[in-house]
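Chain and residue survey
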Amino acid sequence: AQTMKEEDKLYRYNGVLYPIIMSPPENLKALEGLEARSDDVMLVAYPKCGFNWMVAVLQKIIAASAGLEKSDSKIAPLIEFYSPEVQKTISNAPSPRLMGTHLPPKDFPASFSAKKTKMLVVFRNPKDTAVSYYHFTNKNPVLPTAKSWDAFYSDFMSGEVAWGSYFDHALAWEKRMDDPDVLILTYEYLKENLQEGVRQVSKFFGFKLTEEQVKAIADASTFNAMKESSKDSHGQMGNVFFRKGEVGDWKNHFSEAQSKQMDAEFEKRLAGTKIAALLKY
Ligand code: A3P
């Protein structure tokens, strides 16, 4: 990835950009055949909305409910990173399988809706998401380095970034706001109410944890706790995934004009929707 030309790092599949190294077309093609189960634990998030945070929370919930001290999950978090061979081993993995994706809902394997697989969806306000994504794309060798913040901001606004348009994802989830198999939580809510969030997530997926277990999981899942153990969980990428962990960092990056333009786009695309109320910033 280090020696690849920046412009070759993303390619288009079904109209959306993906990183060629991690999600080549054969992975995405093979996903069509992924057999979901009704007891899969599915985590969905647009990039940089708090995916790794909730992976850790879900791993801990699953481990605690099985009486394990530590998660023994060997499943890689994103289904679009599975090679066709890895997908075969996933099909034999014991339940409950923890899986995740950044895919837009229109491109989910069909079996997820057929099986009514429960999905936790994490969202974050679009301004902090864009800032987090900017730093990430510059530090992650499989994604293109941005020419500048302004250039990245433009690409983000037009959806010309890996996994596509933030606004398209938000609109797709708007349609499922009242779906009992979908729980939508925001980064901002989780920052304020982590313990309550852990309780809700655990209950939603049908796990039965004691209040002590819920509290222990929340305590171990704060930004600082996770950053400290990030060498173990994410190796060299630890510092890249656990950057700042705050709400409102956009104020350090957005110009007045960019902030106004994003507010206008947010209005234009999402005004009056239920999800807009969740994503207020
Ligand atoms: P920042 O870049 O704003 O710091 P994802 O996992 O979806 O890629 O999202 C990454 C973002 O979530 C980063 O945001 C990261 O710091 C933040 N994050 C990771 N773990 C967190 C935690 N336990 N609490 C709060 N934020 C966390």
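Note that the structure is predicted; figures quoted are calculated from it, not measured. (Residues numbered from 1 in each chain as written. Predicted model: local features only at pLDDT ≥ 70, side-chain atom pairs only at ≥ 80, totals over all residues.)

Helix and strand counts for the chain stand at 15 helices and 6 strands. Against the globule reference of 19 Å for 281 residues, the chain gives a C-alpha radius of gyration of 18 Å, in line with a compact fold. Overall size of the chain, expressed as C-alpha extent along the three principal axes, is 50 × 40 × 40 Å. In the chain, the share of contacts with a sequence separation of at least 24, taken over all contacts with a separation of at least 6, comes to 71%. (Helix = DSSP H or I, 4+ residues; strand = E, 2+ residues; numbered from the N terminus. Rg over C-alpha atoms; globule rule 2.2 N^0.38 Å. Contact = placed C-beta atoms within 7 Å.)

On to the sheet that holds strand E6 (residues 182-186). One key point about sheets: their strands pair by backbone hydrogen bonds, in either a parallel or an antiparallel sense. In space, the 4 strands of this open sheet follow the order E4-E3-E5-E6, with parallel pairing throughout. Whereas interior strands pair on both sides, the edge strands pair on one side only; in this sheet they are strand E4 (98-101) and E6. In this sheet, neighbouring strand axes are inclined to one another by 20° on average, regardless of whether the strands run parallel or antiparallel. Sitting on the sheet, helix H2 (residues 51-65) is in contact with strand E3 (41-45), E4 and strand E5 (119-123), with an inclination near 165° to E3. (Pairing = 2+ DSSP bridges. Axes fitted to C-alpha atoms, helices over the stretch in contact; angles between N-to-C directions.)

This part is about the packing of H2 against helix H9 (residues 194-204). For the pair H2 and H9, interaxial distance at closest approach is 11 Å and the crossing angle is 60°. Classified by the angle their axes make, H2 and H9 are oblique. Remark: the crossing between H2 and H9 carries right-handed chirality. Contacts from Val-57, Leu-58 and Ile-61 of H2 reach H9 at Val-198, Val-201 and Ser-202. Taken together, the residues of the contact of H2 with H9 sort by class into 5 nonpolar, 1 polar and no charged. (Parallel < 35°, antiparallel > 145°, perpendicular 65-115°, else oblique. Left-handed = near helix turned anticlockwise from the far one by under 90°. Nonpolar A, V, L, I, M, F, W, Y, C, P; charged D, E, K, R; others polar.)

Summary statistics for the chain give a mean pLDDT of 95 and a share of 98% for residues scoring 70 or more. For this predicted complex, the interface confidence comes out at an ipTM of 0.99, alongside a pTM of 0.97. (pLDDT = per-residue confidence, 0-100.)

With that out of the way, let us pick up unusual backbone geometry. Residues Ser-95 and Pro-96 are joined by a peptide bond in cis, for which omega reads -5°. In this structure, Lys-48 is a non-glycine residue whose phi angle is positive, near 75°. Looking at the secondary structure, you find Lys-48 in the loop between E3 and H2. Lys-48 gets classed as buried once you count the C-beta atoms within 10 Å, which come to 24. We note that Trp-163 has phi near 75°; this positive angle belongs to a residue other than glycine. With respect to the helices, strands and loops of the structure, Trp-163 is situated in the loop between helix H6 (149-158) and helix H7 (166-174). Using a count of 25 C-beta atoms within 10 Å as the deciding quantity, one classes Trp-163 as buried. (Buried ≥ 20, exposed ≤ 12 C-beta atoms within 10 Å, placed from the backbone.)

Let's shift gears to the site of the ligand. Phe-51, Asn-52, Ser-132, Arg-243 and Gly-245 are the nearest of the 21 residues found near the ligand. Put simply, the parts of the chain that give the shell around the ligand at least two residues each are H2, helix H5 (126-139) and helix H11 (223-228). Partitioned by chemical class, the residues of the shell around the ligand number 9 nonpolar, 7 polar and 5 charged. (Near = placed C-beta within 6 Å.)

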